[in-house]
Amino acid sequence: MQQFIDKYDFTGKKAIVRVDFNVPLNENFEITDDTRIRRAMPTLKKVLAEGGSVIIMSHLGRPKKVDPKFSLKHIVGRVSECLGVPVQFADDCMKAKPQADALKPGEALLLENLRYYAEEEGKPRGLAEDATDEEKKAAKKVVKESQKEFVKTLASYADCYINDAFGTAHRAHGSTALIAEYFPNDKMFGYLMEGEIKAIDNVLKNAERPLTAIIGGSKVSSKLAVLKNLVGKVDNLIIGGGMGYTFIKALGGHIGQSLHEDDLMPDALEILNTAKEKGVNVSLSVATVCGQAFDNDTPRQIFDIYNIPDEWEGMDASPASLENWRKIILASKTILWNGPVGVFELPNFAKGTLQIAEDLAEATKNGAYTLVGGGDSVAAVTQMGYADKVSYVSTGGGAMLEAIEGKILPGIAAIQD
Ligand code: AMP
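Residues numbered from 1 in each chain as written. Predicted model: local features only at pLDDT ≥ 70, side-chain atom pairs only at ≥ 80, totals over all residues. Heavy atoms only, no water.

Caption draft 1: The arrangement of the pairing of strand E2 (residues 14–18) in detail. Taking burial as the measure, the 5 residues of E2 include 5 buried ones, the bulk of the element. Side-chain alternation along E2 places Lys14, Ile16 and Arg18 on one buried face and Ala15 and Val17 on a second face that is also buried. Here 5 bridges tie E2 to strand E3 (residues 53–57), and the two strands are oriented parallel to one another. Across the sheet, valine 17 pairs through a bridge with isoleucine 56, a residue of E3. (Buried < 20%, exposed > 50% of the residue type's maximum accessible area, 1.4 Å probe, protein only. Helix = DSSP H or I, 4+ residues; strand = E, 2+ residues; numbered from the N terminus. Pairing = 2+ DSSP bridges.)

Caption draft 2: Structural view of the side chain of glutamate 402. Note on placement: glutamate 402 falls in helix H14 (residues 397–404). One buried charged side chain, glutamate 402, makes no salt bridge at all; its nearest oppositely charged neighbour is lysine 407, positioned 4.2 Å away. Non-local contacts of glutamate 402, meaning those with residues more than four positions away in its chain, are made with His170, Lys407 and Leu409. (Lys, Arg positive; Asp, Glu negative; His and termini not counted. Salt bridge = Lys/Arg side-chain N within 4 Å of Asp/Glu carboxyl O. Contact = heavy atoms within 4.5 Å.)

Caption draft 3: Examining the site of the ligand more closely. Contacts to the ligand come from 17 residues, most closely from Ser218, Lys223, Gly242, Glu345 and Asp376. In the environment of the ligand, an oxygen atom lies 3.0 Å from a nitrogen or oxygen atom belonging to the backbone of serine 218. The separation between a nitrogen atom of the ligand and a polar main-chain atom of glycine 242 is 3.1 Å. Isolated, the ligand exposes 500 Å² of accessible area, and the fraction of that covered by the protein chains is 84%. For the shell around the ligand, the per-class residue count stands at 6 nonpolar, 8 polar and 3 charged. (Near = heavy atom within 4 Å. Polar contact = N/O pair within 3.5 Å; in protein donor to acceptor, adjacent residues only side chain to side chain. Areas by Shrake-Rupley, 256 points an atom, 1.4 Å probe, with all protein chains shown as cover. Nonpolar A, V, L, I, M, F, W, Y, C, P; charged D, E, K, R; others polar.)

Caption draft 4: Spatial organisation of a negative patch on the surface. Among the surface-exposed residues, Glu129, Asp130, Asp133, Glu134 and Glu135 lie close enough to one another that they form a single negatively charged patch. Tracing the sequence through the fold places glutamate 134 in helix H6 (residues 133–155). (Patch = residues over 30% accessible without salt bridge, like charges linked within 9 Å, V, L, I, M, F, W, Y side chains within 5 Å. Charge placed at Lys NZ, Arg CZ, Asp CG, Glu CD.)

Caption draft 5: Spatial organisation of H6. Taking 1.5 Å of rise per residue, 23 residues should cover 33 Å, and H6 covers 33 Å from first to last C-alpha, within 8% of that figure. Taken together, the buried positions of H6 are occupied by Ala139, Val143, Gln147, Phe150, Val151, Leu154 and Ala155. (Expected span 1.5 Å × (residues − 1).)

Caption draft 6: Quick peek at the pattern of salt bridges. On inspection of all chains with the given rule, the structure shows 19 salt bridges. In this structure, the salt-bridge partner of glutamate 120 is arginine 18, at a minimum N-O distance of 3.4 Å. Highlighted residues: glutamate 120 in helix H5 (residues 118–121) and arginine 18 in strand E2, separated in sequence by 102 residues. Just as glutamate 120 is buried, arginine 18 falls in that class too. A salt bridge links lysine 249 to aspartate 262, with the shortest nitrogen-to-oxygen separation between them at 2.8 Å. Here lysine 249 is found in helix H9 (residues 244–250), whereas its partner aspartate 262 is found in the loop between strand E10 (254–255) and helix H10 (265–278), with 13 residues between them in sequence. Since its relative accessible area comes to 30%, lysine 249 is described here as partly exposed.

Caption draft 7: Region of the structure containing the packing of aromatic side chains. Per the counting criterion, the structure on display carries 4 aromatic pairs. Here the aromatic rings of tyrosine 8 and phenylalanine 10 are separated by 4.8 Å at their centres, their planes lie at 50 degrees, and the arrangement is tilted. For phenylalanine 10, a relative accessible area of 0% corresponds to the buried category. (Phe/Tyr/Trp six-rings, centres within 6.5 Å; stacked < 30°, edge-to-face > 60°.)

Caption draft 8: Structural detail: the state of the cysteines. Counted under the stated rule, the structure contains 0 disulfides. The thiol sulfur of cysteine 93 is not disulfide-bonded, and the nearest other cysteine sulfur, from cysteine 160, lies at 19 Å. (Disulfide = S-S within 2.5 Å.)

Caption draft 9: Fine view of the nonpolar core. In this structure, Ile16, Leu111, Leu154 and Leu237 are the most contacted members of the largest nonpolar core, which totals 76 residues. At 7 residues, the largest contribution of residues to this core is made by helix H7 (residues 191–204). Both domains that furnish three or more residues to this core are identified here as domain 1 (5–189) and domain 2 (198–404). Apart from the residues within four sequence positions on either side, isoleucine 16 is in contact with Ile55, Met57, Leu154, Tyr157, Ala158, Cys160, Tyr161, Ile162, Ile179 and Phe183. The next biggest cluster of nonpolar side chains, apart from the first, holds 30 residues, and it includes Tyr8, Val23, Ile75 and Val76. (Core = buried A, V, L, I, M, F, W, Y, C linked by side-chain atoms within 4.5 Å. Domains from an automatic or database assignment.)

Shape descriptors only; they carry no functional weight alone.
This is the structure we're talking about:
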C-alpha cells in the first residue's frame, strides 16, 4: 500500500531514500551542477525535521566495478551543506548495517555508489565478448539470484522506503523498484517524484485543452515512440528541429544537406496519416535558417523548407515557422515541450529555441500549464534563463521520455502497486 510522504509520521523512523545524486563532476571531482542534490532536499529535510533519520542511496556515473572516480564521497560535503547537518559516509553500501543501526533522530548517512555492485542493475559483468547465449543466460541467472540478497541487505537498514529518484524511475533496478516489496505498508514517493508524476498526469491524463506538444531534437528514431503516443492524445503537434527534415523529405521536399533518416520516412508518413485520421493539427516548419557547414560562423540564409539548395543544411527555425508556432502555443491551455528546434548549442542557430522558450513563458503567464521535459530542451530553458518561467521543468531525461512514450515506469509502479 502506497503511503504519502506528507501524511507519514517519521518520528523515530529510519528512512532509506533513493535519490538521484548522479551529478556532473570536473577533473578535480568538484560538482559542476548541484541541481539534483538541491531538488532532493525537501524530502530529506522533511524526514529529519520530524525526528527521523535518513539513509541516502544513489548511483554516480556508470562504474562497472569499484572505481574511486565514481565515489559518492566526492559529494558528501555538498550534501551536508545543503542538508544543514553533517552527513556520515558508508564506504561500502553492503556493509552499512552498523552505521545505519547507530543513526539517531535527525542524523544522515550516505551510502557509497550502488553501482559498484552488478546487483544494483541486475546485469552480469565481465562476460567474455564471445560468450554464448547459454553463458549469458546463466550469468544473468546468477546475478539475479544475488540481487535478492543485495536488495534485502539495503532494506534491512530502514523502517520505510522513499523513492525520490525520478531520473532512474524508468529502470527496474534493486534500489529503484525491487526494494519496495520489503516495505509493503511503508513505501512512498518523495516530493520530487510526486512533482514529476503530477506534471506527467497534468499533460497525459488531465490536460486542459487545447493540448499542444512541441517535439524537436535531432532524430525521429529517438522520438518515434513519443510521436506515436502523442499523436493519439494531443490537439496540436509541432514538429521542429533536425527531425523535421525527415518529415519534409518524406513529403517530397528537397532538404539539401539537412539531417534526416531515410529509413524512418515511412514512419513519418504514418504519423502524419494517423494525425489526419484523428483530426490532430500537425505543424511542420515552413522555412528554415540554413548554414553551409555545421559551424557557428558559417554563412546563414533562410530557404523554403521544401526547396533547400544542395549545399545548404537546415539548422534553425525561421521567423515564419516560429510565428505559426507562436499562435498555436498562445492558443493552448497545456503545452509539452521536448527537444530544441535548432542547433541551440551554436549561438547563431539558437534563436528558434529561445523564441519557443519565450513563447512558453508567455503562455505560462497567461495561465497555460507548461511542461519542459526530456533531454536537451531542459538544458536549453535552463541555459536561457527560462526555467522558472514555465510551470515545470522535469529532472529526468530518459524517464520523462519513457513516460511520454506512454510506458509505465518500474520505479513508479513499484510504489503504486
Ligand atoms: P535530442 O537529444 O534528440 O532532443 O536532440 C537534441 C539535439 O538536436 C541538440 O544537440 C541539437 O543541436 C540537435 N538539433 C536540433 N535541430 C537540429 C538541426 N536542424 N540539425 C541538426 N541537429 C539539430
